[in-house]
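# Inside the fold
Listed below are the residues making up each chain.
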Amino acid sequence: MRDIPVVLSGWRLMVTEEPALKTREVDGTSEIVTDRDGVSQFVVSVFAKSKGQKGEEIRVTLGTDPGPGFEDGTLVELVGATVSPYSFKNGKGETVSGLAWRAAGLKPLG
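First, a word on scope: everything that follows refers to the structure included in this document. (Residues numbered from 1 in each chain as written. Predicted model: local features only at pLDDT ≥ 70, side-chain atom pairs only at ≥ 80, totals over all residues. Heavy atoms only, no water.)

## What to know about the packing of aromatic side chains
Going by this rule: When the centres of two rings from Phe, Tyr and Trp lie within 6.5 Å, Trp using its six-membered ring, the rings pair. Their planes under 30 degrees apart give stacked, over 60 give edge-to-face, and anything left gives tilted. Summary of the burial criterion: residues with accessible area below 20% of their type's maximum are buried, those above 50% are exposed, and those between are partly exposed, where the area comes from a 1.4 Å probe applied to protein chains only.
For the coordinates displayed, the defined rule picks out one aromatic pair. Between the aromatic rings of Y86 and F88, the centroid separation amounts to 6.1 Å while the plane-to-plane angle is 25 degrees, which identifies the pairing as stacked. Assessed through its relative accessible area of 44%, F88 is described here as partly exposed.

What follows is the structure in structure tokens.
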């Protein structure tokens, strides 16, 4: 299953790392990550917390440049949020698994 829609009402999302171009290391050089259509992807870190619960920082891949105004501490909403589970064996033979978060964009709250 991929791109499972996520409803985050009741959750407070606060930017902890400002949005930036998403990059990856390939043969010792950094390259910009694009989607299948060649559009640059962005990434933002947010702290997600529900009232009365412990929170967790998550990294979210954004399909568009969210623009200015999303500094550290800004409360936001994810537009079109989805999650995809993943699992793979790394170069050491260890199984790595988790959730990949995506959103079409960010919207400031307040």
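## Looking at the layout of surface pockets
Using the following cut-off: Of the two site types, the cavity is a set of points on a 1 Å grid over the protein atoms alone where a 1.4 Å probe fits but cannot get out, and the pocket is an open set with protein on both sides within 12 Å along at least five of seven lines, each lined by residues with an atom within 4 Å of a point. Grid points are joined across faces, edges and corners, and a volume is the space filled by probe spheres set on the points. Each helix is a run of DSSP H or I of at least 4 residues and each strand a run of E of at least 2, with the numbering of both proceeding from the N terminus. Residue type decides the class: Asp, Glu, Lys and Arg count as charged, Ala, Val, Leu, Ile, Met, Phe, Trp, Tyr, Cys and Pro as nonpolar, and the leftover types, Gly among them, as polar.
Size it by volume and the largest pocket reaches roughly 560 Å³. If you go around the largest pocket, you meet 19 residues; those closest to its centre are R2, D3, Q41, T61 and R102. Going through the elements one at a time, β6 (56-62), β8 (82-89) and β9 (95-103) are the ones with two or more residues in the lining of the largest pocket. Of the residues belonging to the lining of the largest pocket, the class tally is seven nonpolar, four polar and eight charged.

## Side note on the nonpolar core
As a reminder of what qualifies: We define a nonpolar core as any set of buried Ala, Val, Leu, Ile, Met, Phe, Trp, Tyr and Cys residues linked to one another through side-chain atoms lying within 4.5 Å. Only heavy atoms matter for contacts: two residues are in contact if any of them lie within 4.5 Å across the pair.
V44, V46, V60, L62, V76, L78 and L106 are the most contacted members of the largest nonpolar core, which totals 17 residues. At the level of secondary structure, the elements contributing two or more residues to this core comprise β2 (11-21), β5 (42-50), β6, β7 (75-79) and β9. Broken down by element, the residue count for this core peaks at four residues, all from β5. Residues contacting V76, with those up to four places away along its chain left out, are L13, V15, V46, F70, L106, K107, P108 and L109.

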